[in-house]
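# Architecture and fold: a report
Here is what each chain is made of, one letter per residue.
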Amino acid sequence: MCRLFTLESEVCHVIGYRLAKAFLRKIYEPQRLSTRYCSALNLRATVMSLAAMRLIGFILGIFLVTLAVSMVIPMITLVAYERSDDLSAFLWSSLITFICGLLLIVRGRPDAVHLRPRDMYLLTTGSWVVVCTFAALPMVFISGISYTDAFFETMSGITTTGS
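Criteria and thresholds
Residues numbered from 1 in each chain as written. Predicted model: local features only at pLDDT ≥ 70, side-chain atom pairs only at ≥ 80, totals over all residues. Heavy atoms only, no water. Helix = DSSP H or I, 4+ residues; strand = E, 2+ residues; numbered from the N terminus. Buried < 20%, exposed > 50% of the residue type's maximum accessible area, 1.4 Å probe, protein only. Contact = heavy atoms within 4.5 Å. Polar contact = N/O pair within 3.5 Å; in protein donor to acceptor, adjacent residues only side chain to side chain. Salt bridge = Lys/Arg side-chain N within 4 Å of Asp/Glu carboxyl O.

For the rest of this paragraph, the subject is the environment of Ala89. By the element assignment, Ala89 lies in helix H6 (residues 87-105). A residue is classified by how much of its surface remains accessible, and Ala89, at 8% relative accessible area, is buried. Sequence separation of Ala89 and Pro138 is 49 residues, and the distance between their C-alpha atoms is 5.5 Å. When residues no more than four places from it in sequence are discounted, the contact partners of Ala89 are Pro138, Phe141 and Ile142.

With that out of the way, let us pick up the side chain of Thr97. Checked against the element boundaries, Thr97 lands in helix H6. On the basis of relative accessibility, which here comes to 0%, the residue Thr97 falls in the buried class. One polar contact links the side chain of Thr97 to the main-chain carbonyl oxygen of Ser93, over a distance of 2.7 Å. Apart from the residues lying within four places of it in its own chain, the contact partners of Thr97 are Leu64, Leu67, Ala68, Met71, Phe134 and Leu137.

Here the focus is the pattern of salt bridges. In the structure shown here, the tally under the stated rule is 2 salt bridges. Among the salt bridges present, the one from Arg83 reaches Asp86, with a minimum N-O distance of 3.2 Å. In this structure, Asp119 and Arg116 form a salt bridge, with 3.7 Å as the shortest nitrogen-oxygen distance.

Following this line, the structure appears as structure tokens:
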């Protein structure tokens, strides 16, 4: 039974419940597979729980607040070397990043949430993209380069690919 359930859920997830129903009816007897059963499998396989999304948002908010606080280091360096002309770019970038991170954190951490592996993949990918998105702001404000170039440079710097 476990092997049958796994096959049915994989087929429902990959090709949709209508095609899966027709395909599986040819393999198995028709009375074992109903539209309700396959659509429930499809729904469970593709929908992420709101509590998991809330936890992912909470963790991304922590990353953004950490990034905003770490932008204080270049501000201190700019003040120490008397280059206050670029200070406003870091100040605004830090403020924007901090507010966005705070908006993600303000709802709080949900209780007793279990992240599945694919939720963790989303968290990992999202953290790289979101952190690089906000870390590119000072480069845009200071040097006036396009946001695409700033994002590319930030992503290569944070991921240490060095292209």
